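Structure assessment
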Amino acid sequence: MKSSGCKWTAVWVAAGICCLMVLMAAAPGPARAAEKAPYKIGAIFSVTGDNSPLGEPEKDTALLLEERINKKGGINGHPVRIIIEDDAGQETKTVLAAKKLVEQDNVVAVVGPTLSGTSLAIVGYMEQKHVPLISCAASVKITSPAEMRKWIFKTPQSDRHAMERIATFLKRRHVSRVAFINVSNAFGMSGLEQAKMVLPTMGIEIVISETFGPDDADMTPQLTKIKATNAQALICWGTNPGPARVMVNARQLKLRMLLIQSHGVANKKFIELAGDAANGVIFPAGRLIVLDQIPKSDPQYGVLGEYTRLYEKKYGKAPNTFGGHAWDAITVLADALSKVGTDRVKIRSYIENRKRFVGTGGVFNFSPQDHNGLSKDAFAMVKIEKGKWVRIE
Amino acid sequence: MTLWSQTLQFVISGLSIGAVYALIALGFSIIYNATGIVNFAQGEFVMLGALAAISLLGAAHLPLPLAFLCSVVVVTVVAALVERIALRRLRTAGVLVLIIATVGVSMVLRGGAMLVWGKDHVAMRPFSAPETLNLGGVTILTQSLWVIAITLVVMVGLQLFYTHAQVGKAMRATAINREGAALMGISPDAMVFWSFALSGALGATAGILIAPIHMAAYNMGTMLGLKGFCAAIVGGLGSSVGGIAGGLALGVLEALGVGFAPAGCSGYRDAFAFGVLLLVLFIRPTGILGVRANRGT
Amino acid sequence: MVAVGVVAALVAALPFVLRNQYYVGIAVFVGINAIVAIGLNLLMGYAGQVSLGHAAFIALGAYTSAILTTRTGLSPWLAMPVAVALASLIAAVIGVPTLRLHGHYLAMATLGFGMIVSIVINEWVSLTGGTSGLVDIPRLSLAGLALDSDTKYYYLVWACVAASLLLSFNIVNSRVGRALRAVHTSEVAAATCGVNIARTKLQVFVLSAALAGLAGSLYAHQLQFVGPGHTFGFGFSIELVVMVVFGGLATIWGAIVGAGVVTVLGEYLRRVGDRDVAVFGIVLILLLVFMPRGLVHGLASLTRRLRREP
């Protein structure tokens, strides 16, 4: 069955693989004739894989910022190099990417990853290695408990804030009974958790709670049950394509309730998928998507305008909120680098105490207990009318 | 909404997705009968049908019936090519290798679709307006009616094919007894070819029918294929009637399960199909209607 | 025997040759995948059955270790045997009814089982942490020495690989192994010789699940995090099958080669981007057509053919 020829072949193949691994790193490039040593920033985004609609804009934004900063002469004369790794949304790859960036490329800090799951996979490692991580993912578990996340920050708004914003909105419209439906993934389940914590404190009762799978196509069974209750509003929590489907089904069933979505649908894709059923939907969103309706006096006006202008100029299309998270992460890191240099400990405590940092997602006020730094005021309430976003609050 | 009308609502939405499962199950059974292998790329035929139709409707602005037809033809050709190029050379290898080969084919088709159509979901308008009908408190999607109607037409067409067309009669003979049919001069290679072509056509039909309800994307084939496969096993792999019955039963059970499950358990929807699969495999593996004697090499 | 010694020396020396921990990290994952591949190779190559849901057994092992060590504070070394036992038990439950039958019912059952495990991991939040998963899983430590660096973990993992290899060799050359080979050649003949086909296949299936459970446990302690991710899903089950096919069914070394090639290739293809799914599929089919007995045999026969040319 097995000749010795096969055994030796196997040995050679094994040796070959070892050599492949040793050689796999790109040979180090020629030393640049730069005056000062470059600042190396690591970035892990889900550029490929199912979440590329989130990761690609983040990567594009990173490239945009790198170009821009270097055009202006770098940070205190040091050119900036952003080393972007793609984890394709897989935890194992995220871990390997993080190790490569920290151990091989010796980056100052890491921006990303894109997703909550992949972020959680490297949180322990970054803490252990004392390397700052600024995640572009939303889960609260990334930055809490604070004592075990000293080196971890995140830039996206928390779903808690979105929920608080929705609660304030509903309260003003005298809504006291809601139905809740969410996707059974990290984003959706976290939303449900927040809903259960936040809504009752504002006197809003969740009369029914339903879920659906991320690939489910038909939510009429759940909506049928919801229709049979006396809820005044339906809150749907998820990211595309499910919530669009829910709106279509809701319209088909002629659901007569206020239709509220999460900030996960703050993109054109939602309107495209839901078609007519998107009209009338209300959701909280960062001010980026309603830039044309933000008054000049708003503190975010400048940054939002700058980001949109630069992005449209380079890529020919409008930026989205996910790219915005990367913008915030990199600019806050660049701010830290310009003030304290490359000492990781100093960068960490600088960011931790940074107040009134204006980003695309909101105005950040970091603190040792709050490594996210945002509040419900980071959100505006937006309504979709005739396929366009209209700010209503 | 009364309990009765709720149940009816669930059953109707279950029947329409069940019809799609039935079409996919048929595809599995046809290939199984001719080759003895399970074609794990079946779901990708469904996906290609849906995406091709959407492209033809959108980019080429073809009217719906023409887009439908063209899409089915395209996928039929793809299926035939798959058989010719990838699987023909492996005919002598074991069943195991063939099964793995079909997995490889599904990866190629899926990867190819991703490169052509990207990763976004695309929507397709339902075949006709109005979108819904209201009958006594129960809302029925008109698309569901289209799905059921066209599936019935396809079934009738298949029956006619099996009883009147030369190729159809040959396929039926092969399904009953492969060696006997070969002795009568029916080429097994030709049968394999035609079985793939036919499965491709059925898969594409299923995809186009479900696209207005389901939203199409490059990865929609995996889960649909697996569920169609469950339906085929439940009904009895190799049995046409079994596939249809299995598909409809699965669809309805799924909808009822989601409908009446306690709140927060709806995420287990997909687990239903696989739970039923395991149950059937443990209790009556030949399926409810029994598998044909033809079991492969 | 010399071959074994050479390979062992290579493996032992590798961490010192590799440039930094990043590459050692890859080697650790290769080792973990190799353990699963060795078991799956026995199942596919010798028992002639395929499992399309083996990632589920990895998940069982990983989550059992994770839950026991984070929720009940049980020592990781005690949690590991429990994880392996659970994977084995469930494999037995699935295998008993399906392996009695002729044909590929096991493939179908493992497919269904794998999907159910994926869904349960996602949905049963109170047990598995749902989509957020379980964090802060403790590291393993050996006699007070914490295995906190990749190099230290590497040796543990590859020691397990060696043990699995030894186990495989013993089985293949034992009565069970001969029975397996008999079954593979002709089930009818084997049955007439008194071989209990179903039981033999069941033993191999359970063993392959046990090894996957062990690998899962090691994975959980390496990553210190488990969540419903790629490694526990249908896609990875297929990747495992590809590893075994690459290496060659029924060559025990082949499993390690397959694991190595696929893992390293996967990491390398990461940089190529989205084309990897299609490329993977094409490579798989090409391999099946031109090197059906796997990379090892294929290269061996290729070199033999080349050597014959003057």
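Just so it is clear, the structure is predicted and the values come from calculations on it, not from any experiment.

Focus: the overall build of chain C
When you go through chain C residue by residue, the secondary structure sums to 14 helices and four strands. For chain C, the proportion of contacts with a sequence separation of at least 24, taken over those separated by at least 6, is 78%. As displayed, chain C offers around 11300 Å² of accessible surface, 68% of which is attributable to carbon and sulfur atoms.

Topic: empty space enclosed by the protein
One pass over the full model with this rule turns up eight cavities of 30 Å³ or more. Taken as a whole, the largest cavity holds about 80 Å³ of empty space. Considering the residues around the largest cavity, the lining is formed by A:Thr220, A:Gln252, A:Leu253, B:Gln9, B:Ile12, B:Ser13, B:Thr139, B:Ile140, B:Leu141 and B:Ser144. Where the lining of the largest cavity is concerned, the elements lending two or more residues are helix H1 (3–35) and strand S2 (138–141) of chain B. By residue class, the composition of the lining of the largest cavity is four nonpolar, six polar and no charged.

Quick notes on the interface of chain C and chain B
The partner chain B presents 41 residues to the 40 residues of chain C that form the contact. Of the roughly 3400 Å² buried where chain C meets chain B, counting both sides, 85% is carbon and sulfur surface. Joining chain C to chain B, the criterion identifies zero salt bridges. Counting the contacts that link chain C with chain B gives zero residue pairs in polar contact (both at pLDDT 80 or more). For the side of chain C that touches chain B, the elements supplying multiple residues, two or more each, are helix H4 (76–99), helix H5 (105–123), helix H11 (234–247) and helix H13 (276–290) of chain C. The dominant element in the side of chain C that touches chain B, judged by the number of residues it contributes, is H5(C), at 11 residues. Its residues placed into classes, the side of chain C that touches chain B shows 31 nonpolar, six polar and three charged.

What about the side chain of C:Glu123?
Checked against the element boundaries, C:Glu123 lands in helix H5. According to the relative accessible area criterion, C:Glu123 is buried, its value standing at 10%. Among the polar contacts made by the side chain of C:Glu123, one reaches the side chain of A:Ser184 at a distance of 2.8 Å.

Some words on the environment of A:Ser158
All names here are of chain A. Among the secondary structure elements, Ser158 is positioned in the loop between strand S5 (152–154) and helix H5 (159–172). Ser158 sits 218 residues away from Lys376 along the chain, and the two C-alpha atoms are 8.7 Å apart. Among residues more than four places away in sequence, those in contact with Ser158 are Val140, Asn372 and Phe379. Only 2.9 Å separates the side chain of Ser158 from the side chain of Lys154, close enough to count as a polar contact.

So, the packing of H1(B) against helix H5 (residues 142–164) of chain B
Helix packing geometry: the angle between the two helix axes and the distance between the axes. Residues and elements named next belong to chain B. Closest axis-to-axis distance for the H1/H5 pair is 8 Å, and the angle between their directions is 25°. By the criterion of interaxial angle, the relationship of H1 to H5 is roughly parallel. As H1 runs across H5, the sense of the crossing is left-handed. Residue-level inspection shows Leu15, Ser16, Ala19, Val20, Leu23, Leu26 and Ile30 of H1 in contact with H5, the latter providing Ser144, Val147, Ile148, Thr151, Val154, Met155, Leu158 and Tyr162. Classifying every residue of the contact of H1 with H5 gives 12 nonpolar, three polar and no charged.

Section: the packing of aromatic side chains
All chains considered together, the criterion is met by 22 aromatic pairs over all chains. For the ring pair A:Phe180 and A:Trp237, a centre distance of 6.2 Å and an interplane angle of 25° mean the geometry is stacked. A residue pair is termed long-range when its members are at least 10 positions apart, and A:Phe180 in strand S6 (residues 177–183) and A:Trp237 in strand S8 (residues 233–237) qualify at 57 residues. For A:Phe180, a relative accessible area of 0% gives the class buried. According to the relative accessible area criterion, A:Trp237 is buried, its value standing at 0%. Between B:Phe193 and B:Trp194 the ring centres are 5.7 Å apart and the planes differ by 80°, which places this aromatic pair in the edge-to-face class. Overall, B:Phe193 belongs to the partly exposed group, its relative accessible area being 21%. Taken together, the ring pairs connect A:Phe153, A:Phe357, A:Phe364 and A:Phe366 into an aromatic cluster. Over the aromatic face of A:Trp389 sits the side chain of A:Lys268, whose NZ or CZ is 4.0 Å from the ring centroid.

Remarks on helix H8 (residues 188–214) of chain B
All names here are of chain B. Over its 27 residues, H8 extends 37 Å from the first C-alpha to the last, a length consistent with the 39 Å expected when each residue adds 1.5 Å. The buried fraction of H8 amounts to 22 of the 27 residues, a majority that puts the element mostly inside the structure. Just downstream of H8 lies Met215, where phi reads positive at about 65°.

Some remarks on the environment of C:Cys160
All names here are of chain C. Tracing the backbone through its elements, the reader meets Cys160 in helix H7 (residues 150–172). For Cys160, a relative accessible area of 16% corresponds to the buried category. Distance in space between the C-alpha atoms of Cys160 and Pro228 is 25 Å, their sequence separation being 68 residues. In this view, Cys160 contacts Ile35, Leu214 and Leu218; residues no more than four positions away in its chain are not counted.

Some details on the confidence of the model for chain C
When pLDDT is averaged along chain C, the result is 82; 88% of the residues meet or exceed 70. Looking across chain C, the model is least confident in helix H9 (residues 187–192) of chain C, with a mean pLDDT of 68, and most confident in helix H3 (residues 54–71) of chain C, with 94.

A closer look at the nonpolar core
Proteins that are soluble and globular tend to have nonpolar side chains buried together. The biggest cluster of nonpolar side chains holds 218 residues, and the ones touching the most others in it are C:Phe57, C:Leu218, C:Val226 and C:Phe232. With 19 residues, helix H2 (residues 21–46) of chain C is the single largest residue contributor to this core. Other than its neighbours up to four places away in sequence, C:Val226 contacts C:Ala62, C:Tyr63, C:Ala66, C:Gly133, C:Leu134, C:Ile137, C:Ala220 and C:Phe232. Core analysis: the second largest hydrophobic core is formed by 42 residues, A:Tyr311, A:Ala329, A:Ala336 and A:Phe366 among them.

Examining the sheet that holds strand S4 (residues 133–135) of chain A
All names here are of chain A. Ordered in space as S2-S1-S3-S4-S5, the five strands form an open sheet in which the pairing is parallel. Across the chains shown, the open sheet's two edge strands, defined by having one partner strand only, are strand S2 (80–86) and S5. Here the strands of the sheet are splayed against their neighbours by 25° on average, with no regard to which way each runs. Where strand S1 (residues 39–45) and strand S3 (residues 109–111) come together, three bridges link them in parallel fashion. Within S3, the residue paired with Gly42 across the bridge is Val110. Across the sheet, helix H3 (residues 91–104) lies against S1, S2 and S3, angled at about 175° from S1, the strand it touches most.

Describing the confidence of the model for chain A
This prediction gives chain A a mean pLDDT of 87; 91% of its residues lie at or above 70. In the predicted structure, residues 25–34 of chain A sits below a pLDDT of 50 and forms four contacts with residues beyond four places in sequence or in another chain.

Thoughts on H3(C)
Side chains of residues three or four places apart in an α-helix project in the same direction, reflecting 3.6 residues per turn. Residues and elements named next belong to chain C. Compared with the 26 Å implied by 1.5 Å per residue over 18 residues, the 26 Å span of H3 between its first and last C-alpha is a close match. Extensive coverage of H3 is indicated by the burial of 15 of its 18 residues. Directly beyond the C-terminal end of H3, a positive phi value near 70° is found at Gly73.

Details of unusual backbone geometry
Here the bond from A:Gly112 into A:Pro113 is cis, since omega is -5°, no more than 30 degrees from zero. Here A:Pro113 shows up in the loop between S3 and helix H4 (116–129). A:Pro145 follows A:Ser144 through a cis peptide bond whose omega is 10°. Mapping A:Pro145 onto the fold places it in the loop between S4 and S5. Phi is positive for A:Asn76, close to 50°, though the residue is something other than glycine. Along the chain, A:Asn76 turns up in the loop between helix H2 (52–71) and S2. One non-glycine residue, C:Gln224, lies in positive phi territory at about 60°. Residue position: C:Gln224 is located in the loop between helix H10 (197–223) and strand S4 (225–226).

Thresholds, definitions, all that
- Residues numbered from 1 in each chain as written.
- Chains lettered and ligands numbered in written order.
- Predicted model: local features only at pLDDT ≥ 70, side-chain atom pairs only at ≥ 80, totals over all residues.
- Heavy atoms only, no water.
- Helix = DSSP H or I, 4+ residues; strand = E, 2+ residues; numbered from the N terminus.
- Contact = heavy atoms within 4.5 Å.
- Areas by Shrake-Rupley, 256 points an atom, 1.4 Å probe, with all protein chains shown as cover.
- 1 Å grid on protein atoms, 1.4 Å probe; cavity = no way out; pocket = protein on both sides within 12 Å on 5 of 7 lines; lining within 4 Å.
- Points joined across faces, edges and corners; volume = space filled by probe spheres on them.
- Nonpolar A, V, L, I, M, F, W, Y, C, P; charged D, E, K, R; others polar.
- Buried area = accessible area lost by both parts, 1.4 Å probe.
- Salt bridge = Lys/Arg side-chain N within 4 Å of Asp/Glu carboxyl O.
- Polar contact = N/O pair within 3.5 Å; in protein donor to acceptor, adjacent residues only side chain to side chain.
- Buried < 20%, exposed > 50% of the residue type's maximum accessible area, 1.4 Å probe, protein only.
- Axes fitted to C-alpha atoms, helices over the stretch in contact; angles between N-to-C directions.
- Parallel < 35°, antiparallel > 145°, perpendicular 65-115°, else oblique.
- Left-handed = near helix turned anticlockwise from the far one by under 90°.
- Phe/Tyr/Trp six-rings, centres within 6.5 Å; stacked < 30°, edge-to-face > 60°.
- Lys NZ or Arg CZ within 6 Å of the ring centre and 35° of its normal.
- Expected span 1.5 Å × (residues − 1).
- pLDDT = per-residue confidence, 0-100.
- Core = buried A, V, L, I, M, F, W, Y, C linked by side-chain atoms within 4.5 Å.
- Pairing = 2+ DSSP bridges.

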